[in-house]
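# A look at the structure
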There are 2 protein chains.
Amino acid sequence: MFKRALLPESELPDRWYNIIPDLPAAMPDPLNPLTMEPLQPEDLTSLLPQKVIEHEFTKERWVEIPDRVRDIYKIWRPSPLCRAERLERALDTPAHIYFKFEGVSPSGSHKPNTAVVQAYYAAEEGVRRLTTETGAGQWGSALSFAGALFGLEVNVYMVRASFEQKPYRKSLMRSWGAEVFASPTDRTQAGREILERDPESPGSIGIAISEAVEDALSRDDTKFALGSIMNNVLLHQSVIGLEAKKQMEMMGEYPDVVIGCVGGGSNYAGLAYPFMYDRLTGERPKTRFVAAEPAACPTLTRGILAYDYPDTAGLTPPLYMHTLGHNFIPGKIHAGGLRYHGDAPSLCMLVEQGLVEARAMEQTDVFAAAIRFARSEGFVIAPESSHGLNAAIIEALAAREAGEERVILFNISGHGNFDLAAFESFLAGTLENPDVSDEQIAASLRGLPVPADVA
Amino acid sequence: MFKRALLPESELPDRWYNIIPDLPAAMPDPLNPLTMEPLQPEDLTSLLPQKVIEHEFTKERWVEIPDRVRDIYKIWRPSPLCRAERLERALDTPAHIYFKFEGVSPSGSHKPNTAVVQAYYAAEEGVRRLTTETGAGQWGSALSFAGALFGLEVNVYMVRASFEQKPYRKSLMRSWGAEVFASPTDRTQAGREILERDPESPGSIGIAISEAVEDALSRDDTKFALGSIMNNVLLHQSVIGLEAKKQMEMMGEYPDVVIGCVGGGSNYAGLAYPFMYDRLTGERPKTRFVAAEPAACPTLTRGILAYDYPDTAGLTPPLYMHTLGHNFIPGKIHAGGLRYHGDAPSLCMLVEQGLVEARAMEQTDVFAAAIRFARSEGFVIAPESSHGLNAAIIEALAAREAGEERVILFNISGHGNFDLAAFESFLAGTLENPDVSDEQIAASLRGLPVPADVA
């Protein structure tokens, strides 16, 4: 029996899996934010590389991974899949717990799986410069890394609060040659308007997206890159699950339940969709799927399914998704990557159809799980990923209760090396579980671009 | 051709390599610090686990790795060995550059290779508690991780200056359940004496060792653990090179030159000694070996070969080694793991015999190399490891000059995620190259336990 299934390089997937043609129903089109008519590929031409737009709209089930992308994936892929036997023993459970570990990438998370693709196509198409936003810094780091390998200039609009609280993330991006700005900046109209109203604005992902988009649209040599929720991003992330399927086969098992954390949905879809394919095609009709989100930002469990903007300023195409409203401001939790008001539309449909179970987790439970994992399996993992871990522990304890040898697979989207201040707070007992009231959600849902009952 | 040679679990070595019986001459014995007579195994009984003492004195060439240690190694081992093709292209060199990557361990460096062994034997022998010192925090983290897996209490005396400047390293140790004290403390006689003289003492590795040793000797349930320079540590680290030999075979190559950074010598010996075996036995008589150290702490290049204490207070057995004097205080460089006054005795002998070439590196050159590596190969690596990288780049440029297809292998002892403040200083242009004068070295060499001309 393996502890850790290592695929040889030759087993690195040569195509991505696209779930769109296999979904149980057609997805409502994204909208053009100016006309509110269905979005057309050409509406995105000035914003994204052509190939990225193609990936966004494709209905093909399999999409070939370019050789140069595979070549860069090989810096850290295939990533390991491990059996967590020590955790099983600590939980005294008959369940078999496996985790896929994306923390081995150069930037420490799953984000480079799509950053490398977006940077590659941009460079191929003669783009010289990419702009993007980043909150906690995972995505900005991934794009900075990818940009360095393709000789692209990368400009990152980083939420000011994070810019000030997480100086090391900024240094990491700068080590790869990126320029990092504290958003709101005075470089864009969107930023200047915010600063005029509030010179001390701590910024937000929504504002940072608006700035990065405006910057990209203002220059011919520049495109924009986004790290989650879009179809193309989920397509690229499928490399995680495609590897995991082969690795579970090496382990001689197939998961009964596939688990991960959800911010925008990219790491979870990345792991889950290739297994979901088996369920949708009827080959594995009983596999369960669990998506773990923070109780402080409960998009899937307490949001509504409606059209909403991915950004705060309303510059980006409204998507039909679970949302808490694009003005929703979640409580202060350390899992910065999960503090997002919406989710990937395909994932929302799967939740709506009952194919994915969504669960909300309290911050202190999540950190208790992370500490348990560190002391049994050794790795200190990201607070985001620890939501999935906590869901896996809940499943393992349910399996003990039921006396079942349940096979559990969860995704570790990243390591926790940049989150140690949060672990320190948890160990000091000062971590809290921020509340979200129904009134707060109802209030932020008032600004939807299309009333929920129309869509 | 592979980019990254991944050994399957089944190829994880089942025995360590001990260079002692193959050295070109007999090594001068360590001394008992009380009597200055040759140290006997029983002199260490109250300080170290019995099996660790056996490993320290063994003359056997091969030592079996216990199953439970191999089981834990499998959390991250075999570690990857990669071809740095992008760096080769950036340097326009015909050289083939390979690196072994130890940054994938849970604590982020090669240190757990021995920490796990020391914790295992301690637990086996009924020890409940381990004490140790740490400077920058790599070793303390590794022992905290290892202790957690074996249910041992771990107490770390961390140099106060680091304790205050590197709070995240402390949080990491605490996440694994260790207690961390800022040394000098008032918990030990050694600490109290320092504090009486200087209440604001920033501490030093030497003081921290003295405290950890005194603590261990004062309690029956406690032993001490050390992370470098000792024979047993180098033995355990040989797993790096044993794997690397198999991986170079997968690559279809054998290194012409084997490179690494040297603080106390454990990561370098770990990679190099299994290849040195081939040279010493005459199978590969032409392989070259290069040890890279900081110009600010030039033990191998400017120290003398003499008996000296491993710690400042003189509680530990004098070793015959290259030393700058146990009172030497190196300039402030960010490669904290290389700020040590001595080196492993076997490595010193190999340098003395001309089998290992020692080279000193300026801090700014080392960081320039690290940035070059990050932007070509993707990984941001530790400043310590970047000394080896810089030596590899020098070799690759020499190969270009000579028009040779030289095969270069270097060790990356750890990732740079906890060193980003240093990268920020480098990028801001504020990093300096501290000077060491001959007078400074001569002055600190005045306190040797045995005059250099006697030994």
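Our structure is the block above this text.
A brief look at the structure comes next.

Reading the values: the criteria
- Residues numbered from 1 in each chain as written.
- Chains lettered and ligands numbered in written order.
- Predicted model: local features only at pLDDT ≥ 70, side-chain atom pairs only at ≥ 80, totals over all residues.
- Heavy atoms only, no water.
- Helix = DSSP H or I, 4+ residues; strand = E, 2+ residues; numbered from the N terminus.
- Rg over C-alpha atoms; globule rule 2.2 N^0.38 Å.
- Buried < 20%, exposed > 50% of the residue type's maximum accessible area, 1.4 Å probe, protein only.
- Contact = heavy atoms within 4.5 Å.
- Salt bridge = Lys/Arg side-chain N within 4 Å of Asp/Glu carboxyl O.
- Arc of directions from axis to C-beta.
- Buried area = accessible area lost by both parts, 1.4 Å probe.
- Polar contact = N/O pair within 3.5 Å; in protein donor to acceptor, adjacent residues only side chain to side chain.
- Nonpolar A, V, L, I, M, F, W, Y, C, P; charged D, E, K, R; others polar.
- Pairing = 2+ DSSP bridges.
- Axes fitted to C-alpha atoms, helices over the stretch in contact; angles between N-to-C directions.
- Core = buried A, V, L, I, M, F, W, Y, C linked by side-chain atoms within 4.5 Å.
- Least-squares fit on C-alpha atoms with pLDDT ≥ 70 in both.
- Parallel < 35°, antiparallel > 145°, perpendicular 65-115°, else oblique.
- Left-handed = near helix turned anticlockwise from the far one by under 90°.
- Phe/Tyr/Trp six-rings, centres within 6.5 Å; stacked < 30°, edge-to-face > 60°.

Across its full length, chain A holds 17 helices and 15 strands. A globule of 455 residues ought to have a C-alpha radius of gyration of about 23 Å, and chain A, at 20 Å, matches this closely. Counting only C-alpha atoms, chain A reaches 60 × 50 × 45 Å along its principal axes. In chain A, buried positions account for 66% of the 455 residues. Sequence separation of 24 or more characterises 77% of the internal contacts of chain A that already satisfy a separation of 6 or more.

Side chains that differ in sign of charge can pair as their charged atoms come close. Residue and element names in this part refer to chain A. Scanning the model with the defined rule gives 55 salt bridges over all chains in all. One salt bridge in this structure joins arginine 288 and glutamate 357, with 2.9 Å as the shortest N-O distance. Note that arginine 288 is positioned in strand 11 (residues 288-294) and glutamate 357 in strand 14 (residues 357-361), a separation of 69 residues in sequence. For glutamate 357, a relative accessible area of 27% corresponds to the partly exposed category. For glutamate 404, the salt bridge identified is with arginine 406, shortest N-O distance 3.0 Å. Judged by relative accessible area, which is 12%, arginine 406 ranks as buried. Linked through salt bridges whose partners overlap, the residues forming this network are Arg128, Arg129, Glu153, Arg187, Asp215, Arg219 and Asp221.

Here we take up helix 1 (residues 50-57) of chain B. Residues of helix 1 of chain B that are buried: Val52(B), Ile53(B), His55(B) and Glu56(B). Buried residues along helix 1 of chain B cover an arc of 160° about the axis, so they all sit on one side.

With that settled, consider the interface of chain A and chain B. Taken residue by residue, the interface counts 46 residues in chain A and 46 residues in chain B. Summing the contributions of chain A and of chain B, the shared interface buries around 4,100 Å²; its carbon and sulfur component is 54%. Taken together, the links from chain A to chain B amount to 6 salt bridges. Between Lys3(A) and Asp71(B) there is a salt bridge, with the nearest N and O atoms lying 3.2 Å from each other. Seen at the junction of chain A and chain B, the total is 30 residue pairs in polar contact (both at pLDDT 80 or more). Those elements giving two or more residues to the side of chain A that touches chain B turn out to be helix 2 (67-73), helix 5 (138-149), helix 7 (167-175), helix 14 (363-377) and helix 16 (420-428) of chain A. Taken together, the residues of the side of chain A that touches chain B break down into 26 nonpolar, 8 polar and 12 charged.

With that settled, the discussion passes to the sheet that holds strand 6 (residues 129-134) of chain B. Residue and element names in this part refer to chain B. One open sheet accounts for 4 strands, arranged 8-7-6-9; its pairing is parallel. Each edge of the open sheet is held by one strand with a lone partner, namely strand 8 (179-183) and strand 9 (222-224). The average undirected angle you get between the axes of adjacent strands in this sheet is 25°. Relative to strand 7 (residues 153-159), strand 6 runs parallel, the two being bridged by 6 bridges. By the bridge assignment for strand 7, glutamate 133 is matched with tyrosine 157. Along the sheet, helix 5 (residues 138-149) makes contact with strand 6 and strand 7, crossing strand 6 at roughly 165°.

What follows is about the nonpolar core. One finds Trp16(A) and Trp16(B) to be the most contacted residues of the largest nonpolar core, which totals 274 residues. For this core, the leading source of residues is helix 10 (residues 231-251) of chain B, giving 9 residues.

What follows covers the relation of the copies chain A and chain B. Relative to chain B, chain A is turned by 180° and slid 0.0 Å along the rotation axis, the superposed coordinates differing by an RMSD of 0.0 Å. Considering both components of the superposition, the chain copies are consistent with a two-fold axis. Residue by residue, 100% of the interface of chain A is reproduced at the interface of chain B, so both copies engage with the same surface.

Turning our attention to the packing of helix 5 of chain A against helix 7 of chain A. Residues and elements named next belong to chain A. Across the interface, helix 5 lies against helix 7 with an axial gap of 8 Å and an inter-helix angle of 15°. The angle between helix 5 and helix 7 places the two elements in the roughly parallel class. In the crossing of helix 5 with helix 7, the sense of the turn from one axis to the other is left-handed. Along its contact with helix 5, which presents Gln138, Gly140, Ser141 and Ser144, the element helix 7 presents Arg169, Leu172 and Met173.

On to the packing of aromatic side chains, then. All told, the structure shown has 37 aromatic pairs over all chains when counted by the stated rule. Relative to Phe373(A), the ring of Phe99(A) has its centre 5.3 Å away and its plane inclined at 80°; by these criteria the two rings are edge-to-face. Residue Phe99(A) is found in strand 5 (residues 96-101), and its partner Phe373(A) is found in helix 14; the two are separated by 274 residues along the sequence. Per residue, the accessibility class of Phe99(A) equals that of Phe373(A), and both read buried. Geometrically, the ring pair formed by Tyr157(B) and Phe181(B) is tilted, given 5.4 Å between the ring centres and 50° between the ring planes.

Moving on to unusual backbone geometry. Of the consecutive residues Arg77(B) and Pro78(B), the connecting peptide bond is found in the cis state with omega at -10°. Among the structural elements, Pro78(B) can be located in the loop between helix 2 (67-73) and strand 4 (81-83). Across the junction of Ser183(B) and Pro184(B), the peptide omega takes the value 10°, indicating a cis bond. The backbone of Met36(A) sits at a positive phi, close to 60°, despite the residue not being glycine. The topology assignment puts Met36(A) in the loop between strand 2 (15-17) and helix 1 (50-57).

Below, the discussion takes up the side chain of Ser183(A). Residue and element names in this part refer to chain A. Assignment of secondary structure puts serine 183 in strand 8 (residues 179-183). Assessed through its relative accessible area of 0%, serine 183 is described here as buried. Separated by 2.6 Å, the side chains of serine 183 and glutamate 211 make a polar contact. Residues contacting serine 183, with those up to four places away along its chain left out, are Tyr157, Met158, Val159, Arg160, Pro202, Gly203, Ile207, Ala208 and Glu211.

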